[in-house]
Amino acid sequence: MAFELMPLPYELDALEPHISARTMDFHYNKHYAGYVKNLNELVANTALAKASLEDIVRSTAEDSRPAQVKIFNNAAQAWNHAFLWSCMTPKPMQLKGSLKKRIEGSFGGLDGFKKSFVSTATQQFGSGYAWLVLADGGLKIRSTSNAKPPFVEDQTVLLACDVWEHAYYLDYQNRRKDFATAFVEHLIDWEFVAERLSQKHEAAA
Ligand code: FE2
């Protein structure tokens, strides 16, 4: 069965004024839909057609053959974007409970987290992502280039911010820092992040 688009959990204009409906329309219906379409074409009638998206990403991550790189790029982008849609919400959110304590312990508080996340997102050279991950038992902020998700390095992904220009250029042009700031101030779905963290702990128990 072909890979399908993950339905957007909110309307295209729901993240305005921080991300415009026009940006979301291009991002979801052109870029994300394009990655999923390419992936389906690339894996059709191969053994990978029946694998999970995550398994395809893992199995092609270290393979430098051009055909495999193409599959990796499109599979990783299909995974990253489905994850990204879930990381954002138009609902006002509050950081609370054990996630709040972990953020305070790791970054000196929510403000420290925001500062570090925005700085990482801004300093990522070229296309890529800023992430909050669970690595070696601790919360860490990092970035990756292009399509690579940190789970290929056995880090648990908790939050992603897409810093490819297609994610913000129509709204912010070259001001990536302003986009990243809007992301941390207004768009993070902390309930989703907390759920990812608790799933990991249940899995480890
Ligand atoms: Fe994107």
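This write-up is about the structure you can find in this document.

What counts, and where the lines are drawn
- All residue numbers refer to position in the chain's written sequence, counted from 1.
- Restriction of local features to residues with pLDDT of at least 70 applies here, the model being predicted, together with a cutoff of 80 or more for giving and counting side-chain atom pairs; totals for whole chains, interfaces and linings are based on all residues.
- Neither water nor hydrogens contribute to the side-chain values; these are computed over all heavy atoms in the structure.
- Because water is not among the atoms used, a metal site may look incomplete, as its donors are only the N, O and S atoms within 2.8 Å, or 3.2 Å for Na, K and Ca.
- Going along the chain from the N terminus, every DSSP run of H or I of four or more residues is numbered as a helix, and every run of E of two or more is numbered as a strand.
- Between buried and exposed lies partly exposed: a residue is buried under 20% and exposed over 50% of the maximum accessible area for its type, with that area taken using a 1.4 Å probe on protein chains only.
- We count a salt bridge whenever a side-chain nitrogen from Lys or Arg sits within 4 Å of a carboxyl oxygen from Asp or Glu.

**Observations regarding the coordination of the iron ion**
- The protein atoms that coordinate the iron ion are His27 (NE2), His81 (NE2), Asp162 (OD) and His166 (NE2), at distances of 1.9 to 2.1 Å.
- All donors of the iron ion come from a single chain, and their spacing in sequence reads H-x53-H-x80-D-x3-H. Taken together, the positions of histidine 27 in helix H1 (residues 21–43) and histidine 166 in the loop between strand S3 (156–162) and helix H6 (169–172) put the pair 139 residues apart, joining distant regions of the chain. Summarising the burial analysis for this pair, histidine 27 and histidine 166 share the class buried.

**A word on the pattern of salt bridges**
- Considering all chains together, one arrives at nine salt bridges under this definition.
- One salt bridge in this structure joins arginine 58 and glutamate 54, with 3.0 Å as the shortest N-O distance. Remark: glutamate 54 and arginine 58 occur in helix H2 (residues 53–60); sequence separation between them is four residues, near one turn of the helix.
- Here arginine 58 falls in the partly exposed class, since its relative accessible area comes to 37%.
- When its relative accessible area of 31% is taken as the criterion, glutamate 54 is described as partly exposed.
- Where glutamate 153 meets arginine 142, a salt bridge forms, and the shortest distance between an N and an O atom there is 2.8 Å. In this pair, glutamate 153 sits in the loop between strand S2 (138–145) and S3 while arginine 142 sits in strand S2, placing the two residues 11 residues apart along the sequence.
- Each of Glu54, Arg58 and Asp154 takes part in one network of salt bridges that share partners.

It is worth stressing that arrangement in space is one thing and function is another; only the former is reported here.
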